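Coordinate analysis (summary)
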Amino acid sequence: MAEGGKARLRVPFGSGIDLTSDCKQIRMIELAYIWHDGKLLPRDENQFKIPQGKQMPIKIFAREVKLLAEQTHSVEYWRFENAVRHRLYPLEFYPRFYWSTQDKRPPKDPPDVRWGVIGTRNPISGRPFTTACNIDRADPSVQASVVNGEFHKNYSDAKCRGGIAVVKGDKVWFAMIDVWANNARYIDQIYAAAIAELQTKILED
């Protein structure tokens, strides 16, 4: 049972599980996968079937379950305007995401940027799912040059970390997903596969 009692979940064998203090409900499930030949495969069942050099890890941290009808979206839509696509990856950069107001450009560009995963749709906001990626600016002095940038070369853990919301019936399950740099060109497909996978883990009432 998920924490709060809103849904029953099917937990795969070998998953990392964080339980409530009474050990009766699930706070979080850590799921490990491999992206291979366009498919999201459970890591434990496939790590010895796929050559080590071709294993592309994906991690999902599935957390709280809530009622869909109770969810609202508070981020202003103007923050998603003027999106610019990355030259290599199915990601779009939102220049205004961290602005404090819609009509006033900050004197200095914020250090962080937010990406949207092209082809995805957050059921709460109606906008693409967003993610933060370890992508360098092509020109360190120009924020917009990040769309021509690449993942950190001197950082072995370079990845995109974002959130997904999975709807089944009247329930919505929120999760965090890590997609490493070597999988970034498939991130749109990975998000779609991850959502489909988590839907199978929510049991019908």
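If you're wondering where the values come from, they're calculated on a predicted model, not measured in any experiment.

A few points about the state of the cysteines
Going through the model one piece at a time under the given rule, you end up with one disulfide. Paired through a disulfide, Cys133 and Cys160 show a sulfur-sulfur distance of 2.0 Å. With the S-S dihedral at roughly 110°, the linkage between Cys133 and Cys160 falls on the right-handed side. One end of the pair, Cys133, is in strand S8 (residues 130–133); the other, Cys160, is in strand S9 (residues 159–168), and 27 residues separate them in sequence. Both residues of the pair, Cys133 and Cys160, belong to the buried class.

Overview of the environment of Arg85
Structurally, the position occupied by Arg85 is in strand S5 (residues 84–85). According to the relative accessible area criterion, Arg85 is exposed, its value standing at 51%. Counting along the chain gives 63 residues from Arg85 to Asn148, while the straight-line C-alpha distance between them is 9.3 Å. Residue contacts for Arg85: discarding those within four places in its chain leaves Pro90, Leu91, Glu92, Ile118 and Val147.

Points about the layout of surface pockets
Here the largest pocket is characterised by a volume of approximately 410 Å³. Residue lining of the largest pocket: 21 residues in total, with His73, Asn122, Phe129, Thr130 and Phe174 positioned closest to the centre. The dominant element in the lining of the largest pocket, judged by the number of residues it contributes, is S9, at five residues. By volume, the second largest pocket amounts to about 270 Å³. Sorting the residues of the lining of the second largest pocket by element identifies strand S2 (26–36) and helix H1 (43–46) as the ones contributing at least two each. Looking at the lining of the second largest pocket element by element, the count peaks at four residues for S2. Of the residues contributing to the lining of the second largest pocket, the split by class is six nonpolar, three polar and seven charged.

Examining the pattern of salt bridges
Close approach of charged atoms allows side chains with opposite charge to pair. This structure, assessed with the given rule, holds ten salt bridges. One salt bridge connects Lys59 with Glu30, and the closest N-O pair in it is separated by 2.8 Å. Pair noted here: Lys59 is in strand S4 (residues 57–67) and Glu30 is in strand S2, with a separation of 29 residues, a long-range link. Owing to a relative accessible area of 25%, Lys59 belongs among the partly exposed residues under this scheme.

The rules behind these values
Residues numbered from 1 in each chain as written. Predicted model: local features only at pLDDT ≥ 70, side-chain atom pairs only at ≥ 80, totals over all residues. Heavy atoms only, no water. Disulfide = S-S within 2.5 Å. Helix = DSSP H or I, 4+ residues; strand = E, 2+ residues; numbered from the N terminus. Buried < 20%, exposed > 50% of the residue type's maximum accessible area, 1.4 Å probe, protein only. Contact = heavy atoms within 4.5 Å. 1 Å grid on protein atoms, 1.4 Å probe; cavity = no way out; pocket = protein on both sides within 12 Å on 5 of 7 lines; lining within 4 Å. Points joined across faces, edges and corners; volume = space filled by probe spheres on them. Nonpolar A, V, L, I, M, F, W, Y, C, P; charged D, E, K, R; others polar. Salt bridge = Lys/Arg side-chain N within 4 Å of Asp/Glu carboxyl O.

Functional significance is not addressed by these values, which are geometric in nature.
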